[in-house]
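# Analysis of the macromolecular model
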Amino acid sequence: MPSTPAYRVLIDAIARLQRVQREVGTELARDLECPRAALSLLWLLDKVGELGIGDVAQHLHVDISVASRQASQLVESGYAERTTPDAPGTDRRVRTVRLTERGRAFTADTKVAMDARAAEAFSAWTPAELAEASAVLERIADTMAEFGTRPAADPVPTGTPADDTRAPALAAAAT
């Protein structure tokens, strides 16, 4: 029986990390009484400031209608406000979104909660181990960013597709 290629084991591990990250994000959002999708937008706006809805969609890798709906939820909750840019030469038809003072305070609280959980979860790790893991994850992210831009290569023969029970995980990780 052929062994599983190391890259496929890595892709399975990445898929598991993504699932765990979603689960942790969902639990944190539930504890903070905030939709999980809203956390991503809150943190994005806190990091980059005012953004157009199209830019929000691009940063979050979602459809513009999804970005608009998420922004509307934050506005309705009082965490964000819609604005019209007034700088010279800007298109005044473009609507932007930015955090309100309440939104900045809430976002700071979410980061404190996330930091507390991360500090507890990684308390057994040394600073060197954390730095090494971070470097490896950055390298993985850089490699995966190129994953979709490379032309498809001839598959490495590892048996028949029916023998390959990891193909669904590979496909899921690639999306």
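All residue numbers refer to positions counted from 1 along the written sequence of the respective chain. Given that the model is predicted, a residue must reach a pLDDT of at least 70 before its local features are reported, and side-chain atom pairs must reach 80 or more before they are shown or counted; all residues, however, enter totals for whole chains, interfaces and linings. Computation of side-chain values covers all heavy atoms of the structure but excludes hydrogens and water.

## Thoughts on a positive patch on the surface
Where like charges cluster on the molecular surface, the positive patch consists of R16, R19, R22 and R36. Ranked by residue count, the leading element in the positive patch is helix α1 (residues 6-32), at three residues. Relative to the assigned elements, R22 resides in helix α1. The exposure class of R22 is partly exposed, given its relative accessible area of 40%. Patch rule: a residue counts if its relative accessible area is over 30% and it has no salt bridge; like charges are joined within 9 Å, and nonpolar side chains (Val, Leu, Ile, Met, Phe, Trp, Tyr) within 5 Å. Residue burial considers only the protein chains on display, and all accessible areas are found by Shrake-Rupley using a 1.4 Å probe. For salt bridges, the criterion is a side-chain nitrogen of Lys or Arg within 4 Å of an Asp or Glu carboxyl oxygen. Charge counting treats Lys and Arg as positive and Asp and Glu as negative, with His and both chain ends excluded. By convention, the charge on Lys lies at NZ, on Arg at CZ, on Asp at CG and on Glu at CD. By the criteria applied, helices consist of DSSP H or I runs no shorter than four residues and strands consist of E runs no shorter than two, each listed in order from the N terminus. Working definition: with a 1.4 Å probe on protein chains only, accessible area under 20% of the residue-type maximum means buried, over 50% means exposed, and in between means partly exposed.

## Quick word on the sheet that holds strand β3 (residues 96-99)
Note on pairing: two strands pair once DSSP finds at least 2 bridges between them. The strand order across the open sheet built from three strands is β1-β3-β2, with neighbouring strands paired in antiparallel fashion. Only two strands of the sheet have a single neighbouring strand rather than two, namely β1 (51-52) and β2 (80-83). The pairing of β2 with β3 spans four bridges and is classified as antiparallel. Residue pairing in the sheet places A80 in a bridge with L99 of β3.

## Quick look at the pattern of salt bridges
Here the structure, examined in full by the defined rule, presents six salt bridges. Notably, a salt bridge pairs E50 with R98, separated by 3.3 Å at the nearest N-O pair. With E50 in the loop between α2 (36-48) and β1 and R98 in strand β3, the pair connects residues that are 48 residues apart, well separated along the chain. Here E81 makes a salt bridge to R98, at a shortest N to O gap of 2.7 Å. Highlighted residues: E81 in strand β2 and R98 in strand β3, separated in sequence by 17 residues. With relative accessibility at 31%, the residue E81 sits in the partly exposed group. When salt bridges with common partners are traced through the structure, they connect E27, D31 and R117 into a single cluster.

Everything listed is a geometric property; what it means functionally is a separate question.
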